[in-house]
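# Survey of secondary and tertiary structure
The lines below spell out each chain.
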Amino acid sequence: MAITIIYTLVLIFYFLPSHFDISYALTCTDHRFTSRRVYTSCKDLPHLSSQLHWTYNSTMGVAKIAYRARQVAGGWVAWAINPNQIGMVGSEALVAFVNSNGSVTVYPTMITSYSPSMLPADLSFQVLDLSAEFLSNQITIYATVGPFAGGSVVNQVWQAGNLVLDGVPQMHAVSQQNLQSTGELDFLSG
Ligand SMILES: *[C@@H]1O[C@H](CO)[C@@H](O)[C@H](O)[C@H]1NC(C)=O
Ligand SMILES: *[C@@H]1O[C@H](CO)[C@@H](O)[C@H](O)[C@H]1NC(C)=O
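Scope of this entry: the structure provided in the associated data block. No experiment lies behind these values; they were computed from the predicted model shown. (Residues numbered from 1 in each chain as written. Chains lettered and ligands numbered in written order. Predicted model: local features only at pLDDT ≥ 70, side-chain atom pairs only at ≥ 80, totals over all residues. Heavy atoms only, no water.)

Its place among the elements puts Arg 68 in strand E3 (residues 62-70). The buried charged residue Arg 68 lacks any salt bridge partner; its closest oppositely charged side chain belongs to Asp 44, at an N-O distance of 6.4 Å. Reaching out from Arg 68, the side chain makes a polar contact with the side chain of His 53 at a distance of 3.1 Å. A polar contact of 3.0 Å, which involves the side chain of Arg 68, links it to the side chain of Gln 138. (Helix = DSSP H or I, 4+ residues; strand = E, 2+ residues; numbered from the N terminus. Buried < 20%, exposed > 50% of the residue type's maximum accessible area, 1.4 Å probe, protein only. Lys, Arg positive; Asp, Glu negative; His and termini not counted. Salt bridge = Lys/Arg side-chain N within 4 Å of Asp/Glu carboxyl O. Polar contact = N/O pair within 3.5 Å; in protein donor to acceptor, adjacent residues only side chain to side chain.)

In structure tokens:
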């Protein structure tokens with residue numbers, strides 16, 4: 001069963017990329033938020049058709065972020081910081097998905113293993129003003145996060161999956177894109 005689901009997700013991912021690439025010809029600097037939000041910096045992330053926008057307050061060590069990722073209704077997206085190491089395990093995530101009634105659920109969750117519960121949990125760092133929206137096949141997560149132990153430099157992880165069951169995001173595909181969606185980010189230099 002689990003293997004069938006994973007296999008199906010992998011297949012779905014292999015058929016989608018060309019479509020994703022076309023719709024992502026625009027870079028993050030071209031994006032205008034409908035909600036009149038403005039960020040000083042942004043980065044086109046190298047995988048999963050995702051972009052991160054942020055404004056970093058170096059006095060407070062706090063980043064106001066908007067994580068945007070292409071997704072269909074029924075799927076989920078997540079953006080995380082791993083305070084301990086590079087990679088998925090140990091990361092502390094903000095996860096969002098679209099409900100069948102069109103509302104968007106967003107909450108923090110701890111990625112404690114390779115098969116985490118994905119249930120809501122408090123993170124080790126502060127999360128304020130958490131919200132999310134679904135617009136033009138994109139889920140956007142808004143939050144103010146930090147401060148972090150490492151200052152402006154963090155290990156970020158981002159992810160997407162195509163299945164949410166009973167309000168719980170299910171395992172993502174294991175394509176190259178899904179496995180390489182991690183890296184260091186310096187909120188000061190981009
Ligand atoms: C950083 O946050 C502090 C406290 O909210 C504020 O007083 C300060 O103006 C902010 N700095 C910048 C550059 O926005
Ligand atoms: C939409 O569905 C979600 C998840 O089932 C639920 O929590 C929320 O209250 C619903 N919203 C409305 C407006 O019905």
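Time to look at the sheet that holds E3. Across the sheet, which stays open at both edges, the five strands sit in the order E1-E2-E3-E8-E7 with antiparallel pairing between neighbours. Because the sheet does not close on itself, it has two edges, and the strands there are strand E1 (41-44) and strand E7 (127-135). Put simply, the sheet's adjacent strands are angled 15 degrees from each other on average, direction ignored. Bridge count between strand E2 (residues 50-57) and E3: eight bridges; the pairing is antiparallel. Bridge pairing in E3 places Leu 52 opposite Tyr 67. (Pairing = 2+ DSSP bridges. Axes fitted to C-alpha atoms, helices over the stretch in contact; angles between N-to-C directions.)

A word on the site of ligand 2. Inspection of the region around ligand 2 gives Asn 99, Asn 101 and Ser 103 as its neighbouring residues. At a separation of 2.4 Å, an oxygen atom of ligand 2 approaches a polar side-chain atom of Asn 101. Relative to its unbound accessible area of 370 Å², ligand 2 is 26% covered by the protein chains. (Near = heavy atom within 4 Å. Areas by Shrake-Rupley, 256 points an atom, 1.4 Å probe, with all protein chains shown as cover.)

Now for the sheet that holds strand E12 (residues 182-186). Spatially, five strands are ordered E6-E5-E4-E9-E12 in an open sheet, and the strand pairing comes out antiparallel. Of all the strands in the sheet, the pair left with one neighbour each is strand E6 (104-111) and E12. Between one strand axis and the next, the sheet turns through 25 degrees on average, direction left out of account. Pairing of strand E5 (residues 91-98) with E6, which is carried by eight bridges, proceeds in the antiparallel orientation. Across the sheet, Val 98 pairs through a bridge with Val 104, a residue of E6.

With that settled, the discussion passes to the pairing of strand E8 (residues 138-145). Most of E8 is tucked away: eight of the eight residues are buried. The side-chain alternation of E8 yields two buried faces, one formed by Gln 138, Thr 140, Tyr 142 and Thr 144 and the other by Ile 139, Ile 141, Ala 143 and Val 145. Inspection of the sheet shows E3 paired to E8 by eight bridges, in the antiparallel sense. What sits directly across from Ala 63, in E8, is Val 145. Here seven bridges tie E7 to E8, and the two strands are oriented antiparallel to one another. Across the sheet, the residue bridging to Ala 132 is Ile 141, located in E8. Connecting the antiparallel pair E7 and E8 is a turn made up of two residues, with Ser 136 showing a positive phi of about 50 degrees.

Here we take up the environment of Asp 186. By the secondary structure assignment, Asp 186 is in strand E12. Along the backbone, Asp 186 and Val 153 are 33 residues apart, and their C-alpha atoms lie at a distance of 4.3 Å. Beyond its immediate stretch of four places on either side in the chain, Asp 186 contacts Trp 54, Ser 152 and Val 153. A polar atom in the side chain of Asp 186 sits 2.8 Å from the side chain of Ser 152. (Contact = heavy atoms within 4.5 Å.)

Let us now look at the state of the cysteines. All chains considered together, the criterion is met by one disulfide. With a sulfur-sulfur separation of 2.0 Å, Cys 28 is cross-linked through a disulfide to Cys 42. Judged by the sign of its S-S torsion, about 75 degrees, the cystine formed by Cys 28 and Cys 42 is right-handed. Within this pair, whereas Cys 28 is found in the loop between helix H2 (17-23) and E1, its partner Cys 42 is found in strand E1, the two being separated by 14 residues in sequence. (Disulfide = S-S within 2.5 Å.)

Any link to function would need more than the numbers given here.
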